[in-house]
Amino acid sequence: MTWEYEEKAWANGYGSVCGVDEAGRGPVAGPVCAAAVILPAGIVIEGLNDSKKLSEKKREKLFDEITENALAWSVSLVDERVIDEINILQATYRAMKQAVDGLTRPADFVYVDGNRSQGLEQPHECVVSGDAKIPSVAAASIIAKVTRDRLMRRFAEQYPQYGFEKHKGYETKAHDEALLEHGPCPIHRMTFLKKFYEKHPDAPR
């Protein structure tokens, strides 16, 4: 991973370059989480990569290193009620905008992981697989993933019958079995359970 993208933005006169990414678009329970990170130019953070390619232990270690060294970082959560109300894409855009707007040091330019964005007021560019190419986006992907995973572990203590500490709200066989037995809990995204209920119309609701 090189600083090629950040250097391009700096060369165009943008002093403060931020990366933004999300975690939790796909699960059927819990919030979507976005993080924004501004890193010091040229900092070497060993092992920095797309959060999905790292072990949980490595992500936790990098979380501490990123938050200690970043010039600014911010996290935003949009919960399941809002996801059900405005849809996951709009909820993701909202989380990303809130994360960028929440930075203690304003961003002059934003790199967004993915192929589209909406609502950002700053100049920005979308980069597919940006979390594997751009250090600040990789850092944001780790912050978002670790924050969300920690939250889902707390929800597992509140709702122990669902196994959130294991699958983090994604639909798995064990998660489906828990839904069949107990029905949904307050953090389930009801719009995401439509297919589940089509398959299991007699499941508790």
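Quantities reported herein were computed from a predicted structural model and do not represent experimental measurements. (Residues numbered from 1 in each chain as written. Predicted model: local features only at pLDDT ≥ 70, side-chain atom pairs only at ≥ 80, totals over all residues. Heavy atoms only, no water.)

**Here we look at the overall build of the chain**
Next, step 1: In terms of regular secondary structure, the chain is built from 8 helices and 5 strands.
Next, step 2: The globule rule puts the C-alpha radius of gyration for 205 residues at 17 Å, and the 18 Å found for the chain is close to it.
Next, step 3: A principal-axis box enclosing the C-alpha atoms of the chain has dimensions of 60 × 35 × 25 Å.
Next, step 4: Here the chain, with 205 residues, has 51% of them falling under the buried criterion.
Next, step 5: Across the chain, 27 positive and 31 negative side-chain charges occur, with their mean positions spaced 2 Å apart. (Helix = DSSP H or I, 4+ residues; strand = E, 2+ residues; numbered from the N terminus. Rg over C-alpha atoms; globule rule 2.2 N^0.38 Å. Buried < 20%, exposed > 50% of the residue type's maximum accessible area, 1.4 Å probe, protein only. Lys, Arg positive; Asp, Glu negative; His and termini not counted. Charge placed at Lys NZ, Arg CZ, Asp CG, Glu CD.)

**A look at the pattern of salt bridges**
Next, step 1: Under the criterion given, the structure shown has 14 salt bridges.
Next, step 2: For Arg153, the salt bridge is made with Glu56, and the minimal N-O distance between the two is 3.0 Å. On the criterion of sequence distance, the pair formed by Arg153 in helix H5 (residues 135–158) and Glu56 in helix H2 (residues 56–69) is long-range, its members being 97 residues apart.
Next, step 3: Sharing partners across several salt bridges, the network here consists of Glu56, Glu60, Arg150, Arg153 and Lys168. (Salt bridge = Lys/Arg side-chain N within 4 Å of Asp/Glu carboxyl O.)

**Some remarks on the UniProt feature "binding site: a divalent metal cation" (unreviewed entry) in the chain**
Next, step 1: Here the UniProt-annotated "binding site: a divalent metal cation" (unreviewed entry) positions come out as Asp21, Glu22 and Asp113. Across 93 residues, the annotated set stays spatially compact, with a maximum C-alpha separation of 8.1 Å. As for the lining of the largest pocket, the annotated residues named previously contribute Asp21, Glu22 and Asp113.
Next, step 2: Considering the arrangement of structural elements, one finds Asp21 in strand S1 (residues 17–23).
Next, step 3: Its location among the elements puts Asp113 in strand S4 (residues 109–113).
Next, step 4: Assessed through its relative accessible area of 16%, Asp113 is described here as buried.
Next, step 5: When residues no more than four places from it in sequence are discounted, the contact partners of Asp113 are Val20, Asp21, Met96, Val127, Ser129, Gly130, Asp131 and Val137. (UniProt positions renumbered as here; feature names shortened; annotations may be inferred. 1 Å grid on protein atoms, 1.4 Å probe; cavity = no way out; pocket = protein on both sides within 12 Å on 5 of 7 lines; lining within 4 Å. Contact = heavy atoms within 4.5 Å.)

**A closer look at unusual backbone geometry**
One can expect most non-glycine residues to show negative phi and most peptide bonds to be in trans.
Next, step 1: Even without glycine at this site, Ser129 takes up a positive phi of about 60 degrees.
Next, step 2: Considering the arrangement of structural elements, one finds Ser129 in the loop between strand S5 (124–127) and H5.
Next, step 3: Here Ser129 falls in the partly exposed class, since its relative accessible area comes to 38%.
Next, step 4: The phi torsion at Lys168 lies on the positive side, around 55 degrees, for a residue other than glycine.
Next, step 5: By secondary structure assignment, the location of Lys168 is in the loop between helix H6 (164–167) and helix H7 (173–182).

**Observations concerning the packing of aromatic side chains**
Next, step 1: For the structure on display, the rule yields 7 aromatic pairs.
Next, step 2: Summarising the aromatic geometry, the rings of Tyr5 and Tyr111 are spaced 5.6 Å apart at their centres and angled 85 degrees between planes, so their arrangement reads as edge-to-face. Here Tyr5 is found in helix H1 (residues 4–11), whereas its partner Tyr111 is found in strand S4, with 106 residues between them in sequence. Each of the two residues, Tyr5 as well as Tyr111, counts as buried.
Next, step 3: Ring geometry for Phe109 versus Tyr111: centroids 5.0 Å apart, planes at 70 degrees, classification edge-to-face. Of the two residues examined, Phe109 and Tyr111, each falls in the buried class.
Next, step 4: The side chain of Arg189 reaches across the aromatic face of Phe192, ending 4.9 Å from its centre.
Next, step 5: Its end group placed over the ring of Tyr197, Arg205 keeps NZ or CZ at 4.1 Å from the ring centre. (Phe/Tyr/Trp six-rings, centres within 6.5 Å; stacked < 30°, edge-to-face > 60°. Lys NZ or Arg CZ within 6 Å of the ring centre and 35° of its normal.)

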